[in-house]
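Understanding the architecture of this molecule
Letter by letter, the chains look like this.
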Amino acid sequence: MKAKVSGTKKKINGTTFLLMITILLFVVMYAAGMIVFNDKGFAKPQMFLNLFISNAGLLVIAMGETIVMITAGIDISVGSVTALVCMVAANQMENHGASAYTALLMALVIGLLFGLVQGFLVSYLEIQPFIVTLAGMFFGRGMTSIISTDMISIKNATFMAWAKYKIYMPFGSYSKRGKFLPAYIYPTVIIAIIVLIVIIIVMKYTKFGRSVYAIGGNEQSALMMGLNVKRTKMAAYLLDGFLAGLGGFLFCMNSCAGFVEQAKGLEMDAISAAVIGGTLLSGGVGTPFGTLFGVLIKGTISSLITTQGTLSSWWVRTFRTPLFLHRSAVCICKPEEEKLKKEQYLKYYRRKEKTTGIDGNFLIAYNKKVGFKHRMFISYIRCSFCKY
């Protein structure tokens, strides 16, 4: 027998290619900053770590936004939730003597309540996510102003110890006098990285994650697969609310205060980070890892403008505008890959027809009872209805 030699090469799909472009864009931007502003300390390790310190809360919130957007939904209430969390935490600790632990618990409860209500309205009552979360945005900002119209600075000892605790790294830079200055991060960065790792694992290796992608790719196909679409959407919004509450508390640890106008526009920052990182507003495509680089790109632009010194901070949003258009310029659909996935999928069910005597189309509907354990089907659904 002659051994078959496979001459096929593994091709890069549109999502992976876009992620590579996003990472390359970040590397080029940061490298340019290191060259241009080297005399101002942009090349120091601490400057890079400051990207995570300044955007730890945004990273956590953007993770929840990414999950919702993959389901073809959206949440524009996260900025108001953040402001409400900061105001409640500040008011409880400074005016009512609550502990930092109680403030943290209240922040998570607020986020979960928003996720519960909005998730129910979107998934079970089938109201448009934009309308539901727009109402949530107005409600959250209104409740923030009802609690207090003045800024409340947090002076709680435990909270300040959490916020200002430095975790030193084994690397750093040297001052002009030759003194070694170790780089450092805050606990908020550690929490944000843990959340990132957990979300990556959940979205890639769990049934919930695969269900989210299937629903975002095509909801009707997900129903045919036997997935509980309503329950999955509900869980996605609950997780989004939880991360909004947690991210809001991390944001509060960075600002150490609560006021009405806090986190205004943060929802747009979270959405733009997800979009720049490769998440489609139409659903079905996106990765938490890509969103990380979307956040880092936003932080890099902010750092470049701050280091430059003469431009207004509003230029950050101006410079991010062209980044929204890069997806349409670099997205490439792979019809050959789609065809191959479809052939594999049909071949699998034709074999099932021969071995079981059951019609292949019926097997799809039957998955609702027996459960589906084959990734091939989900991979096909995701590719067949891709929106690269």
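Look up a bit, the structure's there.
Turning our attention to the state of the cysteines. What the rule picks out here adds up to zero disulfides. Here cysteine 86 stays free of any disulfide, with the sulfur of cysteine 252 as its closest cysteine sulfur at 4.1 Å. Residue cysteine 256 stays outside any disulfide, its sulfur separated by 7.0 Å from that of cysteine 252, the closest cysteine.

With respect to the secondary-structure elements, lysine 298 resides in helix H13 (residues 288-308). At 4.6 Å, aspartate 269 is the nearest oppositely charged side chain to lysine 298, a buried residue that forms no salt bridge.

Time to look at the pairing of strand E3 (residues 180-185). As paired elements, strand E2 (residues 167-174) and E3 share five bridges and run antiparallel to each other. Its bridge partner being in E3, tyrosine 174 is matched across the sheet by phenylalanine 180.

On inspection of all chains with the given rule, the structure shows one cavity of 30 Å³ or more. Here the largest cavity defines a volume of roughly 30 Å³. What lines the largest cavity is simply Ile53, Ser54, Ala56, Gly57, Thr188, Leu250, Phe251 and Asn254. Broken down by secondary-structure element, the contributors of at least two residues to the lining of the largest cavity are helix H2 (45-54), helix H3 (56-70) and helix H11 (229-255). Ranked by residue count, the leading element in the lining of the largest cavity is H11, at three residues.

Our next topic: a nonpolar patch on the surface. Judged by side-chain polarity, Phe120, Tyr124, Leu125, Ile127, Phe130 and Ile131 come together as a nonpolar surface patch covering roughly 560 Å² of accessible area. Relative to the helices and strands, isoleucine 127 is located in the loop between helix H5 (100-123) and helix H6 (129-147).

Before going further, it helps to spend a moment on the side chain of serine 148. In this structure, serine 148 sits in the loop between H6 and strand E1 (152-153). Within the structure, serine 148 has its side chain in polar contact with the backbone nitrogen of aspartate 150 (distance 3.2 Å). Those residues in contact with serine 148 that lie beyond four places of it in its chain are Met87 and Val260.

Attention now moves to the packing of aromatic side chains. According to the stated counting rule, one finds 16 aromatic pairs in the structure shown. Centroid distance phenylalanine 48 to phenylalanine 52: 5.6 Å. Interplanar angle 70 degrees. Geometry classified as edge-to-face. In this pair, phenylalanine 48 and phenylalanine 52 both sit in helix H2, four residues apart, roughly one turn of the helix. Take phenylalanine 48: its relative accessible area is 30%, and that puts it in the partly exposed class.

Between its terminal C-alpha atoms H6 stretches 27 Å, which fits the 27 Å expected from 19 residues at 1.5 Å a residue. Among the residues of H6, Pro129, Val132, Thr133, Gly136, Met137, Gly140, Arg141 and Thr144 are the ones counted as buried. Here the buried residues of H6 occupy an arc of 160 degrees about the axis, which is enough to place them on one side. Turned more than 90 degrees away from the buried face of H6, the exposed residues are Phe138 and Ile146.

About the thresholds
Residues numbered from 1 in each chain as written. Predicted model: local features only at pLDDT ≥ 70, side-chain atom pairs only at ≥ 80, totals over all residues. Heavy atoms only, no water. Disulfide = S-S within 2.5 Å. Helix = DSSP H or I, 4+ residues; strand = E, 2+ residues; numbered from the N terminus. Buried < 20%, exposed > 50% of the residue type's maximum accessible area, 1.4 Å probe, protein only. Lys, Arg positive; Asp, Glu negative; His and termini not counted. Salt bridge = Lys/Arg side-chain N within 4 Å of Asp/Glu carboxyl O. Pairing = 2+ DSSP bridges. 1 Å grid on protein atoms, 1.4 Å probe; cavity = no way out; pocket = protein on both sides within 12 Å on 5 of 7 lines; lining within 4 Å. Points joined across faces, edges and corners; volume = space filled by probe spheres on them. Patch = residues over 30% accessible without salt bridge, like charges linked within 9 Å, V, L, I, M, F, W, Y side chains within 5 Å. Areas by Shrake-Rupley, 256 points an atom, 1.4 Å probe, with all protein chains shown as cover. Polar contact = N/O pair within 3.5 Å; in protein donor to acceptor, adjacent residues only side chain to side chain. Contact = heavy atoms within 4.5 Å. Phe/Tyr/Trp six-rings, centres within 6.5 Å; stacked < 30°, edge-to-face > 60°. Expected span 1.5 Å × (residues − 1). Arc of directions from axis to C-beta.

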